[in-house]
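Architecture at a glance
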Amino acid sequence: QVQLVESGGGLVQAGGSLRLSCAASGRTFSGKAIAWFRQAPGKERKFVATINWSGGRTYYADSVKGRFTISRDNAKNTVYLQMNSLKPEDAAVYYCAAAIGSSERYNSDIDFRSWGQGTQVTVSS
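The text that follows walks through the structure, step by step, so that each part is easy to find.

About the thresholds
Residues numbered from 1 in each chain as written. Predicted model: local features only at pLDDT ≥ 70, side-chain atom pairs only at ≥ 80, totals over all residues. Heavy atoms only, no water. Helix = DSSP H or I, 4+ residues; strand = E, 2+ residues; numbered from the N terminus. Rg over C-alpha atoms; globule rule 2.2 N^0.38 Å. Buried < 20%, exposed > 50% of the residue type's maximum accessible area, 1.4 Å probe, protein only. Contact = heavy atoms within 4.5 Å. Areas by Shrake-Rupley, 256 points an atom, 1.4 Å probe, with all protein chains shown as cover. Lys, Arg positive; Asp, Glu negative; His and termini not counted. Charge placed at Lys NZ, Arg CZ, Asp CG, Glu CD. Disulfide = S-S within 2.5 Å.

**Looking at the overall build of the protein**
The secondary structure content of the protein amounts to 0 helices and 11 strands. Ordered by position from the N terminus, the helices and strands of the protein form the series β-β-β-β-β-β-β-β-β-β-β. Here the protein has a C-alpha radius of gyration of 13 Å; the compact-globule value for 125 residues is 14 Å, and the two agree. Dimensions along the principal axes, computed over C-alpha positions, put the protein at roughly 40 × 30 × 25 Å. A total of 125 residues make up the protein; the buried ones form 44% of that total. Taking as baseline every contact in the protein between residues at least 6 positions apart, the subset at least 24 positions apart corresponds to 59%. Roughly 6200 Å² of accessible area belongs to the protein as shown, and the carbon and sulfur atoms make up 45% of that amount. Mean positive and mean negative side-chain charge positions of the protein (15 and 9 charges, respectively) differ by 3 Å.

Okay, here's the thing in structure tokens:
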């Protein structure tokens, strides 16, 4: 099973940007779609974005479409989430996860087997 480690979280003002990284270790995630989810305090974990295994197709939650961009560099076993125009409601712990298959259409918790430990994103208003 692939191990995933997120990084890049932090404190940013509303309107600012952050780039999160998700690095694989142990095994590569070649052939697997990778997604980002987020969970705010007291709320359920929600889907943010998925990228297919080749990096050519992506899928976003409506709440982040046009502001967030997911990308991957399979040579570096790393997936990124560029977050622009951040809003206070984007504040959450962000998790990356490896899907059971290669499609960018996976967007439910049950479609993912490996999860990272999360990275905190805080957005001040």
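**So, the state of the cysteines**
Summed over the entire model, instances satisfying the criterion amount to 1 disulfide. The disulfide partner of Cys22 is Cys96, and the S-S distance across this bridge is 2.1 Å. Its S-S torsion of about 70° marks the bond between Cys22 and Cys96 as right-handed, since a negative value means left-handed. Within this pair, whereas Cys22 is found in strand 3 (residues 18-25), its partner Cys96 is found in strand 9 (residues 92-99), the two being separated by 74 residues in sequence. What makes Cys22 buried here is its relative accessible area of 0%.

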